[in-house]
Amino acid sequence: MTQEQYILAAQPNNLQRPGCATVYPVGIYGWRKRCLYFFILLLLVVMIVNLALTIWILKVMNFTVEGMGNLRVNKEGIRLEGISEFLLPLYVKEIQSRKDSPLILQSDRNVTLNARNDLGQLTGQLTVGSEMVEAQCQRFEVRSSDGERVLFSADEEEVTVGTEKLRVTGTEGAIFEHSVETPHIRAEPFQDLKLESPTRTLTMEGPKGVEISADAGELKASCRKDLLLQSTEGEIFLNANTIRLGNLPLGTAATPSHGSPVSKQTVYELCVCPSGKLYLSPAEASSTCHSTSSVCLWS
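How each quantity is defined
Residues numbered from 1 in each chain as written. Predicted model: local features only at pLDDT ≥ 70, side-chain atom pairs only at ≥ 80, totals over all residues. Heavy atoms only, no water. Helix = DSSP H or I, 4+ residues; strand = E, 2+ residues; numbered from the N terminus. Buried < 20%, exposed > 50% of the residue type's maximum accessible area, 1.4 Å probe, protein only. Contact = heavy atoms within 4.5 Å. Areas by Shrake-Rupley, 256 points an atom, 1.4 Å probe, with all protein chains shown as cover. Salt bridge = Lys/Arg side-chain N within 4 Å of Asp/Glu carboxyl O. Phe/Tyr/Trp six-rings, centres within 6.5 Å; stacked < 30°, edge-to-face > 60°. Pairing = 2+ DSSP bridges. Core = buried A, V, L, I, M, F, W, Y, C linked by side-chain atoms within 4.5 Å. Axes fitted to C-alpha atoms, helices over the stretch in contact; angles between N-to-C directions.

Caption draft 1: Fine view of the overall build of the protein. If you tally the helices and strands in the protein, you get two helices and 11 strands. Taken from N to C terminus, the helices and strands of the protein fall in the order α-α-β-β-β-β-β-β-β-β-β-β-β. When burial is assessed residue by residue, the protein has 6% of its 299 residues classed as buried. Pairs at least 24 residues apart make up 13% of the contacts formed inside the protein by residues separated by at least 6 positions. Per element, the accessible surface of the protein, about 30,000 Å² overall, is 54% carbon and sulfur.

This is the structure we're talking about:
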């Protein structure tokens, strides 16, 4: 500090300072301040309520890092536990249940499974309704548990049953409108086997033969008109301890002379007409077929 400045500072200052400018208060006062605090408090309350609702939703919906509720998202796909309801169509590649529980598809009306190609065209459909189960596809197959053998298949040309045995348990049996090709037809144990055509003919054909056998019972063939046994190149062989031909006509000889005793006939002779008709003739010391051949004229 210089000397002049020191002297000026040491002298009393009787000079009046000029008047200062008006001082204005800085800030929010009055009703504006109260409104600001109210809005801050209201915003804080809304934030707390919103945070509480978010925590409650996370708790109720069971949100975790793996998924939501019964829905779990993993590397293999999506896993649903419990009962799930879909209000819109579901498009998936594969649906699989857990190893210890079955897979149940349920609907109030019907369940429809559709398969489409790359162009979106329908290639297969399975519909499970209240009255029927309908499958629409080019070929329908039912395979064994190992998937190697076809148990049942159906297409537009044929229906194939690949099981060792086809069992029909209906009281009316099985009705076929066309031909049936099978190597073996057998009834259940202690049950009768009946092949019948009520209004048409019944034909059994086999390139190497047709075998009809009844190991523990009788074999019965009946018809309203003629029963024809025909062999074009071989023979008809009847092999049994007893061969019985019932209701054969009885040929009668000329009227016996008066005075000859009439005895009860117990022994008869089997005769054959030129047409192949069989008839009985009373047996005597010699053949009586010629004398009783008048029965052949009736045929």
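From this point, the narrative continues.
Caption draft 2: The pattern of salt bridges, seen in detail. Taken as a whole, this structure holds four salt bridges when the rule is applied. A salt bridge links Arg-139 to Glu-141; the nearest nitrogen and oxygen atoms lie 2.7 Å apart. Here Glu-141 ties to Arg-143 by a salt bridge, and the two come within 3.1 Å at their closest N and O atoms. For Glu-141, a relative accessible area of 33% puts it in the partly exposed group. Residues joined by salt bridges that share partners form a network here, namely Arg-139, Glu-141, Arg-143 and Asp-155.

Caption draft 3: A look at the packing of aromatic side chains. Applying the stated criterion across every chain, the model contains two aromatic pairs. Geometrically, the ring pair formed by Phe-140 and Phe-152 is edge-to-face, given 6.4 Å between the ring centres and 70 degrees between the ring planes. One end of the pair, Phe-140, is in strand E7 (residues 140-143); the other, Phe-152, is in strand E8 (residues 150-154), and 12 residues separate them in sequence.

Caption draft 4: Quick peek at the pairing of strand E6 (residues 133-136). In the sheet, strand E5 (residues 122-128) pairs with E6 via four bridges, with the strands oriented antiparallel. Counted as the bridge partner of Gln-125 is Gln-136 from E6. Connecting E5 to the antiparallel partner E6 that follows it, the hairpin turn spans four residues.

Caption draft 5: Spatial organisation of the side chain of Thr-288. Mapping Thr-288 onto the fold places it in the segment after strand E11 (278-282). For Thr-288, the residues in contact, after removing those within four places along its chain, are Glu-269, Ser-281 and Pro-282.

Caption draft 6: Layout of the pairing of strand E4 (residues 111-116). Sheet topology places E4 next to E5; six bridges connect them, and they run antiparallel. Counterpart to Ala-115 in the pairing with E5 is Gly-124.

Caption draft 7: Inspection of the nonpolar core at higher detail. In terms of nonpolar packing, the biggest core is built from six residues, these being Cys-271, Cys-273, Tyr-279, Cys-289, Val-295 and Cys-296. For Cys-271, the contacting residues outside a window of four places in its chain are Lys-277, Leu-278, Tyr-279, Ser-281 and Cys-289.

Caption draft 8: The sheet that holds strand E2 (residues 71-73), seen in detail. What the three strands build is an open sheet, ordered E1-E2-E3; its pairing is antiparallel. The sheet terminates laterally at strand E1 (67-68) and strand E3 (78-80), the two strands that pair on one side only. Sheet analysis places E2 next to E3, joined by three bridges and oriented antiparallel. When the sheet's bridge partners are listed, Leu-71 is paired in E3 with Leu-80.

Caption draft 9: The arrangement of the sheet that holds E6 in detail. Strand order across the open sheet formed by three strands is E4-E5-E6, with antiparallel pairing between neighbours. Pairing within the sheet leaves two strands with one partner each, and these edge strands are E4 and E6. Recorded for the sheet is a direction-independent mean angle of 10 degrees between the axes of neighbouring strands.

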